[in-house]
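# Descriptive analysis of the structure
These are the residues of each chain, in order.
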Amino acid sequence: MRKIILSAFLVALSFSAFSQVLPSFQFGLKGGLNLSKLSTENTFSSDNRAGYYAGLWTRIGAAGIHLQPELYLSGKNTTLKANTGEENKVTFTSLDVPVLVGTKIGAAGVGIRLNTGPVVSFVLDKEQSFGDAAGDVFKGNFKDQNFAWQFGAGLDVGKLGFDLRYETGLSKIGKDGYNDTKLSLFTFGLALKLF
């Protein structure tokens, strides 16, 4: 009887250790708010304005490290101001694809995540609202794609996840007078794990 119990214990221990090596897979939905800001080196400054994002996420991990590719639609808004006081409200929609590497610490369905990684954004449409005086000054033409880097932390409670991230632009997104413009933003999101 002791040999059977000892054998069962060793088999259970082996499966437990082996499951730490096998990758896990998670999939879910996410959405939230962003605050966008365009940085420039010229006479233009930029104010933060709220936008949105919504999409899908996956998490593949083993031994405490995970890869988290995501795909979401993002509406980004900001206001550009010239030194003369003229303003231009810039709004555009992009398809964002972050590929993050992270780790999770926790137990019993509650955990804290840390992650970082590159993001590529593809601009889907461009919309501008111009004041009469600023119409000739601001063109608002944006490149069709740009690259950024995200840093973030998250909290998982059961099937729900809460994310707070900062994204800094790596590539300049402007054209026609915005050649030195980079986009940075803060995001706060809510994620739902489907499986």
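Residues numbered from 1 in each chain as written. Predicted model: local features only at pLDDT ≥ 70, side-chain atom pairs only at ≥ 80, totals over all residues. Heavy atoms only, no water.

### Describing the overall build of the chain
Helix and strand counts for the chain stand at 1 helix and 10 strands. Starting at the N terminus, the α and β elements of the chain follow one another as α-β-β-β-β-β-β-β-β-β-β. Within the span of the chain, comprising 195 residues, buried residues form 37% of the whole. Taking contacts inside the chain between residues at least 6 apart in sequence as the whole, the part at least 24 apart equals 64%. When the accessible surface of the chain is totalled, it reaches about 10800 Å², and 67% of it is carbon and sulfur. (Helix = DSSP H or I, 4+ residues; strand = E, 2+ residues; numbered from the N terminus. Buried < 20%, exposed > 50% of the residue type's maximum accessible area, 1.4 Å probe, protein only. Contact = heavy atoms within 4.5 Å. Areas by Shrake-Rupley, 256 points an atom, 1.4 Å probe, with all protein chains shown as cover.)

### Some points on the packing of aromatic side chains
Inspection of every chain in the model, using the stated rule, returns 4 aromatic pairs. Ring centres 4.8 Å apart and planes at 50° place the aromatic pair Tyr53 and Tyr72 in the tilted group. Of the two residues, Tyr53 sits in strand β2 (residues 45–62) while Tyr72 sits in strand β3 (residues 65–81), which places them 19 residues apart along the sequence. Tyr72 matches Tyr53 in its accessibility class, with the two residues each being buried. On the basis of an interplanar angle of 50° and a centroid distance of 4.9 Å, the ring pair of Tyr166 and Phe186 is categorised as tilted. Here Tyr166 is found in strand β8 (residues 160–169), whereas its partner Phe186 is found in strand β10 (residues 182–193), with 20 residues between them in sequence. The class for Phe186 is partly exposed, based on a relative accessible area of 46%. Members of the aromatic cluster, joined through ring pairs, are Phe25, Phe27 and Phe195. (Phe/Tyr/Trp six-rings, centres within 6.5 Å; stacked < 30°, edge-to-face > 60°.)

### Structural notes on the pattern of salt bridges
Two side chains carrying opposite charge are able to pair once their charged atoms lie near each other. By the definition in use, this model includes 8 salt bridges. Taking the shortest distance from any N to any O, the salt bridge between Lys30 and Asp163 comes out at 3.6 Å. Here Asp163 lies in strand β8 and Lys30 lies in strand β1 (residues 24–39), a separation of 133 residues in the sequence. Several salt bridges converge on common partners, so that one network encompasses Lys30, Arg59, Glu70, Lys104, Arg113, Asp156, Asp163 and Arg165. (Salt bridge = Lys/Arg side-chain N within 4 Å of Asp/Glu carboxyl O.)

### Section: the pairing of β8
Burial along β8 is one-sided: the residues Gly161, Asp163, Arg165, Glu167 and Gly169 are buried and none of Leu160, Phe162, Leu164, Tyr166 and Thr168 is. Two elements, strand β7 (residues 145–157) and β8, share 10 bridges in a ladder whose sense is antiparallel. In the strand pairing of β8, Val157 is matched with Leu160. The hairpin formed by β7 and β8 contains 2 residues between the paired strands, and Gly158 there has a positive phi angle of roughly 65°. (Pairing = 2+ DSSP bridges.)

### Regarding the nonpolar core
Counting residues in each nonpolar core, the largest one holds 7 residues, listed as Leu38, Leu80, Val90, Phe92, Val123, Leu183 and Leu185. Those elements that place two or more of their residues in this core are β4 (87–107) and β10. (Core = buried A, V, L, I, M, F, W, Y, C linked by side-chain atoms within 4.5 Å.)

### Examining the side chain of Gln26
Among the secondary structure elements, Gln26 is positioned in strand β1. Exposure remark for Gln26: the relative accessible area of 17% places this residue in the buried category.

### Digging into the side chain of Ser36
Within the fold, Ser36 resides in strand β1. A polar contact of 3.5 Å, which involves the side chain of Ser36, links it to the side chain of Asn34. (Polar contact = N/O pair within 3.5 Å; in protein donor to acceptor, adjacent residues only side chain to side chain.)

### Some points on the confidence of the model for the chain
Atom-level detail of predicted coordinates should not be read off regions where pLDDT is low. When the pLDDT values of the chain are averaged, the result is 78; 69% of them are 70 or greater. Confidence, expressed as mean pLDDT per element, reaches its minimum in the chain at helix α1 (residues 2–21) with 48 and its maximum at β8 with 94. Considering only residues more than four positions removed or in separate chains, one finds that residues 10–19, a stretch of pLDDT under 50, has 0 contacts. Scored below 50 in pLDDT, residues 128–138 makes 26 contacts in the model with residues more than four places away or belonging to other chains. (pLDDT = per-residue confidence, 0-100.)

### What to know about the environment of Thr78
Turning to its location among the elements, Thr78 is positioned in strand β3. For Thr78, a relative accessible area of 2% translates into the label buried. As a C-alpha pair, Thr78 and Leu35 span 43 residues in sequence and 8.2 Å in three-dimensional space.

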